[in-house]
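Examining the three-dimensional arrangement
Below are the chains, spelled out letter by letter.
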Amino acid sequence: MYMQNIYEGYEQMAKLFLGLDSSTQSLSALIIDADTHAVVCEQQVHFSSELAHYHTVDGVLPHEDVTLAHAPPLMWVEALDCILKKICNSGINCADIIAIAGCGQQHGSVYLNESFIPTLDALDAHKSLYQQLQNIFSRETAPIWMDASTGLQCQALAEAVGGNDRLCELTGSPAIERFTAAQIKKFADQEPLAYAASAHICLVSSFMASLLAGKHIAIDYTDATGMNLLDIRTRKWHQDLLACCGENLAQKLLPAINPCMQQGNIADYFVRRYGFAIDCRIIPWSGDNPSSLLGLGLIEEGMTAISLGTSDTCFGYMQQLPPRMSPDAHTFIAPLSTDPTESAHLTQSAYMSLLCFRNGSLAREAIRQQWGLSWAQWSAAIESTPPANNGGIMLPWVGNETVPRVSQAGVHIFDCADDVGVQCRALLEGQMMAIAIHAEQAGLHPTSIRVSGGASVNPTIVQVMADVFQCPVDLCAQSNSAALGAALRALQAHSGETWQAVLSPYTQVNLESRIHPRKQYATVYAALKCAYAAAEERVLSEMVK
Ligand code: XUL
């Protein structure tokens, strides 16, 4: 793979920008051409099939304790080797890549010993990265966002700042098991020697950026807000939270950085091995959800995305922090600064809110099966009943729910006949009501929605969404929005243009397939929303008793 003709005085033939997305199941790459606005290359390395020797199931190490979810960080290193090889083999000339940015699955943490930097300094371009980076880890596995084993640590973090409400107000989220502070604390408490030997602690995002830059790149503001550690207003690590997690944590983390602050040139290793230009710029990596915000073009108040998957996720852009941080949502700093200086970012702030509803497709699937329907019959049953279901309500907690937090699963039904159409509609409308109510409490007021995920192909679901939210819904063509967002961040950091100018050629929606809200249902749905919120409150307060 070693490149003989190293870049020197090479005239770039095309202006390319590379975005990488290190997600749970795969590493993806997407390259855009800034002259033609085309996506010129898309590559993927799927962890469990292509890197099967790490023995993961969809990127996660199986464990008998189902609350534990870890992944081998060396697998992500080898994935970087593989994807760069695939990019070269696809015919892309790496010397044409002007800048690289990326994003990673949020919250996951990587623990590195003091050999990390000397090893990066001494990389041999004749050998792959993973061969040379075997011994840099002070912890062989990295806890990832699916881990839920840190309940005790969450309590301690909340107590350290005077309670969960205060923690939420300070950091943008209440104490969450998968967030990095609780994960670091658990490691420091249970394996103090290995923690002490961790000279550097990275997130997935900052670890991958560090490999490309050949030095320790700090965590960017967007991903730092997924840790329960950063004061979201001052953008500094919170001292009491640092102290609660473990000794000398600030030194291990470095101060968080502005996501648009360029981090210098790509490491010499990649120039020699793959033929990158010596001045190819490295941009900090961000969290995958903040990156998707850009990849979907959500840069104005009211622009919202809903992904209908196993879980349903809703996120959107916010110009300002909400008056009160919602405990059901995660408020992250958005990667929307255009000025790399620290102080400018404080004034140019923008945020995003993310809500994750556990009862997504699994709940829709459960009711469909309960009535023994095909998807077409399920849709027809719903279409046979009137919007807002004559006031019938279903709280759709087929399994435990995260928004609102419900640990006793159960479907609660009010004023619904025992009729297939009424019940199926009640579940679907219940899900949309819950998203609308809790998104609003988190500070999101959707004026347009981009919908993605498996269930978005169902027109009945999307029409109910448009009617409940009373705003247009567009189907998302871009399945790789996180990697696209990263490529666009690389382009913006290089061009210095406004986000509007950078994003618009790449994130247009097809207006012909837009689903419009039916205005005649605005009033019934507004009334149903109030009734749903009251029912939810009533049932939750009953559970507390
Ligand atoms: C967000 C979260 C997930 C991961 C997946 O809080 O945990 O969306 O970022 O990659």
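Details of the structure are given in the entry above.
For the structure given in this document, a descriptive report is provided here. None of these values were measured; they are calculated from a predicted model.

Structural notes on the overall build of the protein chain
When its secondary structure is counted, the protein chain shows 22 helices and 20 strands. Relative to its length of 545 residues, the protein chain is compact, with a C-alpha radius of gyration of 24 Å against a globular reference of 24 Å. If one aligns the C-alpha atoms of the protein chain with their principal axes, the spans along those axes are about 75 × 50 × 45 Å. By the burial criterion, 60% of the 545 residues in the protein chain qualify as buried. Across the protein chain, the fraction of contacts at a sequence separation of at least 24, relative to all contacts at a separation of at least 6, is 75%. Per element, the accessible surface of the protein chain, about 20800 Å² overall, is 51% carbon and sulfur. A distance of 2 Å separates the average location of the 31 positive side-chain charges in the protein chain from that of its 53 negative side-chain charges.

Focus: unusual backbone geometry
Residue proline 404 is reached from valine 403 by a cis peptide bond, and omega for that bond is -10°. Tracing the sequence through the fold places proline 404 in the loop between strand S17 (393-397) and strand S18 (410-414). You will see that aspartate 58, though not glycine, has its phi angle at about 50°, which is positive. Secondary-structure assignment places aspartate 58 in the loop between helix H1 (47-50) and strand S4 (70-71). Classification of aspartate 58 as partly exposed rests on a relative accessible area of 36%. Positive phi outside glycine occurs at aspartate 415, with the angle close to 55°. Residue position: aspartate 415 is located in the loop between S18 and helix H18 (420-441). Using a relative accessible area of 68% as the deciding quantity, one classes aspartate 415 as exposed.

What about the site of the ligand?
As a matter of local geometry, the ligand sits amid Gln105, Gln106, His107, Trp145, Arg178, Asp288, Asn289 and Leu354. Separating an oxygen atom of the ligand from a backbone N or O atom of glutamine 106 is a distance of 3.1 Å. Residue aspartate 288 places a side-chain N or O atom 2.4 Å away from an oxygen atom belonging to the ligand. Protein chains shield 87% of the accessible area of the ligand, which is 290 Å² for the free molecule. When its residues are assigned to classes, the shell around the ligand shows 2 nonpolar, 4 polar and 2 charged.

Points about the environment of cysteine 260
Structurally, cysteine 260 is set in the loop between helix H12 (249-253) and helix H13 (268-274). By relative accessible area, cysteine 260 is classed as buried at 9%. In sequence terms cysteine 260 and serine 286 are 26 residues apart; their C-alpha atoms lie 9.7 Å from each other. Setting aside anything within four residues of it in sequence, one finds cysteine 260 in contact with Ser337, Thr338, Asp339, Pro340 and Ala493.

What to know about helix H20 (residues 481-495)
Along its 15 residues, H20 runs 20 Å from first to last C-alpha, staying within 8% of the 21 Å computed at 1.5 Å per residue. Among the 15 residues that make up H20, 13 are buried, leaving the element largely enclosed by the rest of the structure. Glycine 496 occupies a position one or two residues after H20 and carries a positive phi of about 70°.

Topic: the packing of aromatic side chains
For the coordinates displayed, the defined rule picks out 7 aromatic pairs. Judged by centre distance (6.5 Å) and plane angle (75°), the rings of phenylalanine 187 and tyrosine 195 are edge-to-face. For the residue pair phenylalanine 187 and tyrosine 195, the accessibility class agrees, reading buried in each case. Ring centres 6.4 Å apart and planes at 20° place the aromatic pair phenylalanine 270 and tyrosine 274 in the stacked group. In this pair, phenylalanine 270 and tyrosine 274 are both assigned in helix H13, 4 residues apart and thus about one turn of the helix distant. Through a chain of ring-to-ring contacts, three or more aromatic side chains come together here, namely Tyr111, Phe187 and Tyr195. Just above the ring of tyrosine 111 sits the side chain of arginine 139; from NZ or CZ to the centre is 4.9 Å.

Some details on the packing of helix H16 (residues 361-370) against H18
Where H16 meets H18, the axes come as close as 10 Å, and the angle between the chain directions of the two elements is 175°. By the angle class used here, H16 and H18 are roughly antiparallel. Residues Ala363, Arg364 and Ile367 of H16 touch H18, and the partners they reach there are Gln423, Cys424, Leu427, Leu428 and Gln431. Considering only residue class, the contact of H16 with H18 consists of 5 nonpolar, 2 polar and 1 charged.

What counts, and where the lines are drawn
- Residues numbered from 1 in each chain as written.
- Predicted model: local features only at pLDDT ≥ 70, side-chain atom pairs only at ≥ 80, totals over all residues.
- Heavy atoms only, no water.
- Helix = DSSP H or I, 4+ residues; strand = E, 2+ residues; numbered from the N terminus.
- Rg over C-alpha atoms; globule rule 2.2 N^0.38 Å.
- Buried < 20%, exposed > 50% of the residue type's maximum accessible area, 1.4 Å probe, protein only.
- Contact = heavy atoms within 4.5 Å.
- Areas by Shrake-Rupley, 256 points an atom, 1.4 Å probe, with all protein chains shown as cover.
- Lys, Arg positive; Asp, Glu negative; His and termini not counted.
- Charge placed at Lys NZ, Arg CZ, Asp CG, Glu CD.
- Near = heavy atom within 4 Å.
- Polar contact = N/O pair within 3.5 Å; in protein donor to acceptor, adjacent residues only side chain to side chain.
- Nonpolar A, V, L, I, M, F, W, Y, C, P; charged D, E, K, R; others polar.
- Expected span 1.5 Å × (residues − 1).
- Phe/Tyr/Trp six-rings, centres within 6.5 Å; stacked < 30°, edge-to-face > 60°.
- Lys NZ or Arg CZ within 6 Å of the ring centre and 35° of its normal.
- Axes fitted to C-alpha atoms, helices over the stretch in contact; angles between N-to-C directions.
- Parallel < 35°, antiparallel > 145°, perpendicular 65-115°, else oblique.

It is worth stressing that arrangement in space is one thing and function is another; only the former is reported here.
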